[in-house]
Amino acid sequence: MSAMRDNHLAQDLTSKDILLRRRALSKAITLVESSRIDHRQRGDELLDELFPKAGSSFRIGITGPPGSGKSTLVDAMGLMLIEQGHQVAVLCVDPSSNLSDGCVLADKTRMHRLACSDNAYIRPSAGSAGYGGVAQQTRAAIRLCEAAAYDFVVVETVGVGQNECAVAAMTDMVLLLQGPTPGDDLQVIKKGIYEHVDLVVVNKVDLARAAALKAQRRIASALRLTRYGARHVSPHLQPTPRVCTVSAVTGDGLSTLMNSITLYQQEEARNIAGRRMIQDKTWLEESIGSQALSKIKADEYLRTMFNALVDLVHAGRRAPPAAARQLLALVSEHPESFAPRGQNGATA
Amino acid sequence: MPKFNPISISGDHMQEAGATPVLELALTLANGLTYVKAAQQRGLNLDDFAGRLSFFWGIGMDFYPEVAKLRAARLLWWRIMQKFGAQEDKSSKLRAHCQTSGWSLAAQDPYNNVVRTTVEALAAVFGGTQSLHTNAFDEAIALPSDMSSRIARNTQLILQEETNITAVVDPWGGSYFMESLTKQIADAAWQIIEDIDAMGGMIRAIESGWVNQQIEESAAAKQAKIDSGKIVIVGVSKYRCDHEAEQETLRVDTTKVRESQLQLLSDIKAARDCDAAREALEAITRCGYDGKGNLLELSISAMKARATVGEVSEALEKCFGRYTAEARLVSGVYGPNYGDHDHWAQLKTRIAGFSKRHGRPPRVLIAKLGQDGHDRGAKIVASSFADLGFAVDIGSLFQTAEECARQAIENDVHAIGVSTLSGAHTTLVPAMLDELKRQGGDGICVFVGGVIPRQDYSALYDSGIIGIYGPGTPIPDAASGVLEGILNRLES
């Protein structure tokens, strides 16, 4: 029955009827985010079927500290893109909140205009423990959006820190947003976050124009310094990112920002293609790892062994890499434990 | 302009949203001094306008602190105005209006509210308010009826004309207890004002979400104390009435109201000189962009050309954008303040069980529909549900049914909680259900919270909603009911 239902889902997801399409996309994303093995299997199959239809969007990651104005910017950018004829999907990812503990999800209140547009789709998600976590789920969600004919996918995430790296590993371009106040950017320079960023945007130029312009110059020179050394070592490194100033509220600087994005798309077309190939290979590798682990946990014997090894590691008597090697040796001795079986097991 | 009241600097809405008297006092005075600075920056002379500023306090049930708050307010405002260098006496005098708390009124056993309002009114008078608003006893159930409004007015008249309590200025002055409480409250509020100053002022504090967070934390903590019986509300958390008589309430046909308002608008637009109105509106937008001219003056001439409030706002919005409060919610406040740990833990376990069985936690969208900004209840439900293990989405204020249904479908939620205090539930809830059906989300459950008269319950239940949770419903009861409703829907 579920196969039939999903068949429907695949059809609806590519339907011309916007209401059907939107609902199907939502259901499909729920499947790939689920912690239930049977849901994920259905989600994986659905994604597999739709995969040839996916891949045609431009994927942009937008990140920045809380209060830097990400949602307001996405709202303004999204509307401009729609005016240019694009279909825009926005995935708001909050890796810091964990679904299983209950959470308040990123809200759409600052994307009100975009949320009402027929050519946009906005979906907030929380992080989730296990099964590849948020990275694999977001990759899958991006492809589902693409299959549903959204040709511009925005992944919005809070952060200054590790998230930039994760977002860079699933998008074509990472845009870092920050406020005009000095200190907003100092932290960022210190942490080396610019390594993963393709465009820096200083927001709120309407509130503090002079400060914003100063920040722009300061960041640009810091970037030249950090990238200068790196480029010397690796000539294939992407060029120094541009630094723009905008006001997401008034729209000041927005068209320059959009031009910079288009320019990046054109100039970096070859790099983007290469980046995607690396990303997909990583996705495959990570999927193998996480699926192997969930298979191990689904088998009674292997799960017992796994838990015993966890205890030994906790007790300080075994080192994790050697313990893993031992467990994998058990898997190859007992190939039958990896055979397909019932689909209803929920993971721990 | 000797008799012009430029602004009423309000703390009432903050107390209604959950602020304690101390927090209300501090935030309001911090707002006040920000206005003063802004006026000075525009070149106004302090003594020319300071005497015309006025304040607006909410008065809750905690009697002594409310009296002390009004006394402390005058002290602190005087201190602030001295720092600004006020010369005239009038500039340092704080004038205030007070309103008894609407939030303190209960939907259960509502005649008790007459007593509550009286006690609150008394605190306002003892505190030395210049003017007073008393609430009607049925405001937790419906919009006030003629009868309840009359009693509210008479409450004031009785205090004023039968009791002689207004014959004395500051009757508590000199009481050791009251003087020391006043000092405590003044010191605590002054500390907050200094903290805000260290943050870079009130505007930054608001923008950073800090102010909202303080208010919501205090609201969630209070609700948890009520739900667990640590704070007593007679007829709600203790001494409940077994057989409550149904209350006669004012009935408003919201569809008719809406239609007649729309008719009025279109009549005005048809009768006015459209070019003049358009030009006046364009002038506002232009001034917003280039800063040349006076927006207030231009707004008045636009109104004289019969531009509507909506049109003037729109003209301003073009250059300034629209402020949307970020629905960043507090978490982890309700749970620890709720006393009955076993009950709380049990509920958490049930929700964790749901998440495991269904591959994700129960996901709910908490929505405010229609023209009604009272979101204290919605926010407490959202934040405490999240504490329990729900995944909670929040809708924007003033959402339409269509937008809300769409958000619910895009986020693939199990249920929508509609909070409404404007009396529009009889139109909004059916519109919500219709929209869900139209957009293919008929699997999504709907529950309702806010001010809903008893006599509307059966019609709402008949339309297919899973629960109604009026004021006074303990959060765990609502959570458990919603969970039940979601499970029933999933199984059928």
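Residues numbered from 1 in each chain as written. Chains lettered and ligands numbered in written order. Predicted model: local features only at pLDDT ≥ 70, side-chain atom pairs only at ≥ 80, totals over all residues. Heavy atoms only, no water.

A. Region of the structure containing the overall build of chain B. If you tally the helices and strands in chain B, you get 21 helices and nine strands. Relative to the compact-globule value of 23 Å for 492 residues, chain B shows a C-alpha radius of gyration of 24 Å, a close match. When each of the 492 residues of chain B is scored for burial, the buried share is 49%. Across chain B, every contact between residues at least 6 apart in sequence was considered, and the portion connecting residues at least 24 apart equals 76%. (Helix = DSSP H or I, 4+ residues; strand = E, 2+ residues; numbered from the N terminus. Rg over C-alpha atoms; globule rule 2.2 N^0.38 Å. Buried < 20%, exposed > 50% of the residue type's maximum accessible area, 1.4 Å probe, protein only. Contact = heavy atoms within 4.5 Å.)

B. The arrangement of a nonpolar patch on the surface in detail. Residue and element names in this part refer to chain B. A surface patch of nonpolar side chains, amounting to about 280 Å² of accessible area, comprises L143, L250, V252 and V257. The topology assignment puts V252 in the loop between helix 10 (210–227) and helix 11 (254–271). The partly exposed category is assigned to V252, whose relative accessible area is 33%. (Patch = residues over 30% accessible without salt bridge, like charges linked within 9 Å, V, L, I, M, F, W, Y side chains within 5 Å. Areas by Shrake-Rupley, 256 points an atom, 1.4 Å probe, with all protein chains shown as cover. Salt bridge = Lys/Arg side-chain N within 4 Å of Asp/Glu carboxyl O.)

C. Structural detail: the domain arrangement of chain A. All names here are of chain A. The domain boundaries assigned to chain A delineate domain 1 (56–269) and domain 2 (281–338). Taken together, the contacts link six residues of domain 1 with seven residues of domain 2. For the pair domain 1 and domain 2, the summed buried surface comes to about 570 Å²; carbon and sulfur atoms form 56% of the total. The tally of links between domain 1 and domain 2 comes to one salt bridge. Here E286 ties to R139 by a salt bridge, and the two come within 3.1 Å at their closest N and O atoms. In this assembly, domain 1 and domain 2 are joined by three residue pairs in polar contact (both at pLDDT 80 or more). Split by residue class, the side of domain 1 that touches domain 2 holds two nonpolar, two polar and two charged. (Domains from an automatic or database assignment. Buried area = accessible area lost by both parts, 1.4 Å probe. Polar contact = N/O pair within 3.5 Å; in protein donor to acceptor, adjacent residues only side chain to side chain. Nonpolar A, V, L, I, M, F, W, Y, C, P; charged D, E, K, R; others polar.)

D. Region of interest: the packing of helix 16 (residues 341–358) of chain B against helix 21 (residues 475–491) of chain B. All names here are of chain B. At a minimum axis separation of 11 Å, helix 16 and helix 21 run at an interaxial angle of 25°. For the element pair helix 16 / helix 21, the angle class is roughly parallel. Two packed elements cross with a definite hand, and for helix 16 against helix 21 that hand is left-handed. Counting all contacts with helix 16, which are made through H343, W344, L347, R350, I351, F354, R357 and H358, the residues of helix 21 involved are P476, D477, A479, S480, L483, E484, I486, L487 and L490. A class-by-class count of the residues in the contact of helix 16 with helix 21 yields 10 nonpolar, three polar and four charged. (Axes fitted to C-alpha atoms, helices over the stretch in contact; angles between N-to-C directions. Parallel < 35°, antiparallel > 145°, perpendicular 65-115°, else oblique. Left-handed = near helix turned anticlockwise from the far one by under 90°.)

E. Up close: the sheet that holds strand 3 (residues 103–104) of chain A. The six strands lie next to each other as 3(A)-6(B)-5(B)-7(B)-8(B)-9(B), forming an open sheet whose pairing is parallel. With partners counted over all chains shown, the strands left at the sheet margins are strand 3 of chain A together with strand 9 (467–469) of chain B, one partner each. The pairing of strand 3 of chain A with strand 6 (residues 391–394) of chain B spans two bridges and is classified as parallel. In the sheet register, C103(A) faces strand 6 of chain B, and the bridge partner there is A391(B). Contacts from helix 19 (residues 425–438) of chain B reach strand 7 (415–420) and strand 8 (445–450) of chain B within the one sheet, and its direction differs from that of strand 7 of chain B by about 160°. (Pairing = 2+ DSSP bridges.)

F. Structural detail: the packing of aromatic side chains. Enumeration according to the criterion identifies 14 aromatic pairs over all chains in this entry. Geometrically, the ring pair formed by Y121(A) and Y150(A) is tilted, given 6.0 Å between the ring centres and 45° between the ring planes. Residue Y121(A) is located in strand 4 (residues 120–127), and its partner Y150(A) is located in the loop between helix 6 (133–147) and strand 5 (152–158); the two are separated by 29 residues in the primary sequence. The buried category is assigned to Y121(A), whose relative accessible area is 0%. Taking relative accessible area as the criterion, Y150(A) reaches 1% and is therefore assigned buried. The ring of Y150(A) carries the charged tip of R21(A) above its face, separated from the ring centre by 5.8 Å. We note R79(B) situated over the ring of W190(B); from NZ or CZ to the ring centre the distance is 4.7 Å. (Phe/Tyr/Trp six-rings, centres within 6.5 Å; stacked < 30°, edge-to-face > 60°. Lys NZ or Arg CZ within 6 Å of the ring centre and 35° of its normal.)

G. Focus on a negative patch on the surface. Residues and elements named next belong to chain A. On the surface, D44, E45, D48 and E49 cluster together into a negatively charged patch. Among the secondary structure elements, D48 is positioned in helix 3 (residues 37–50). Using a relative accessible area of 60% as the deciding quantity, one classes D48 as exposed. (Lys, Arg positive; Asp, Glu negative; His and termini not counted. Charge placed at Lys NZ, Arg CZ, Asp CG, Glu CD.)

H. Structural context of empty space enclosed by the protein. Taken as a whole and judged by the stated rule, the model has five cavities of 30 Å³ or more. A volume near 100 Å³ is recorded for the largest cavity. For the largest cavity, the full set of lining residues is K108(A), H112(A), A115(A), C116(A), S396(B), Q399(B), E403(B), R406(B), Q407(B) and E410(B). Elements supplying a minimum of two residues to the lining of the largest cavity: helix 5 (112–115) of chain A together with helix 18 (401–410) of chain B. Of the residues belonging to the lining of the largest cavity, the class tally is two nonpolar, four polar and four charged. (1 Å grid on protein atoms, 1.4 Å probe; cavity = no way out; pocket = protein on both sides within 12 Å on 5 of 7 lines; lining within 4 Å. Points joined across faces, edges and corners; volume = space filled by probe spheres on them.)

I. Looking closely at the pairing of strand 6 (residues 173–178) of chain A. Residues and elements named next belong to chain A. Of all six residues in strand 6, six are buried, a share of seventy percent or more. Residues M173, L175 and L177 point to one face of strand 6 and V174, L176 and Q178 to the other, with burial holding for every one of them. As defined by bridge partners, strand 1 (residues 58–64) adjoins strand 6 across four bridges and the pair is classed as parallel. The residue of strand 6 that forms the bridge with I60 is M173. In the sheet, strand 6 pairs with strand 7 (residues 199–202) via four bridges, with the strands oriented parallel. When the bridges of strand 7 are listed, L175 appears paired with L199.

J. Geometry of the sheet that holds strand 3 (residues 96–100) of chain B. Residues and elements named next belong to chain B. Overall, parallel pairing links the four strands, which are arranged 1-2-3-4 in an open sheet. Two strands lie at the open edges of the sheet, namely strand 1 (8–10) and strand 4 (131–133), each paired on one side alone. Strand-to-strand twist of the sheet, defined as the mean angle between neighbouring strand axes without regard to direction, takes the value 25°. Against the sheet, helix 2 (residues 21–41) contacts strand 1 and strand 2 (54–59), and its axis sits at roughly 165° relative to strand 2.

K. Examining the pattern of salt bridges more closely. All names here are of chain B. Counted by the stated rule, this structure contains 30 salt bridges over all chains. Here K269 and E311 are joined by a salt bridge, their closest N and O atoms 3.8 Å apart. Pair noted here: K269 is in helix 11 and E311 is in helix 14 (residues 309–320), with a separation of 42 residues, a long-range link. What makes E311 buried here is its relative accessible area of 15%. For E402, the salt bridge goes to R438, with nearest N and O atoms at 3.6 Å. Of this pair, E402 sits in helix 18 while R438 sits in helix 19, and the two are 36 residues apart along the sequence. Looking at E402, the relative accessible area reads 44%, which means it is partly exposed. Judged by relative accessible area, R438 falls into the partly exposed class, the value being 46%.

L. Examining the environment of D442(B) more closely. With respect to the secondary-structure elements, D442(B) resides in the loop between helix 19 and strand 8. Once the C-alpha coordinates of D442(B) and I409(B) are considered, the two residues, 33 residues apart in sequence, prove to be 9.5 Å apart.

M. View of the environment of A96(B). Residues and elements named next belong to chain B. Mapped onto the elements of the fold, A96 is located in strand 3. We classify A96 as buried; its relative accessible area is 9%. For the pair A96 and S10, spaced 86 residues apart in sequence, the C-alpha separation works out to 9.4 Å. Not counting residues up to four positions away in its chain, the partners in contact with A96 are F55, W57, T129, Q130 and S131.

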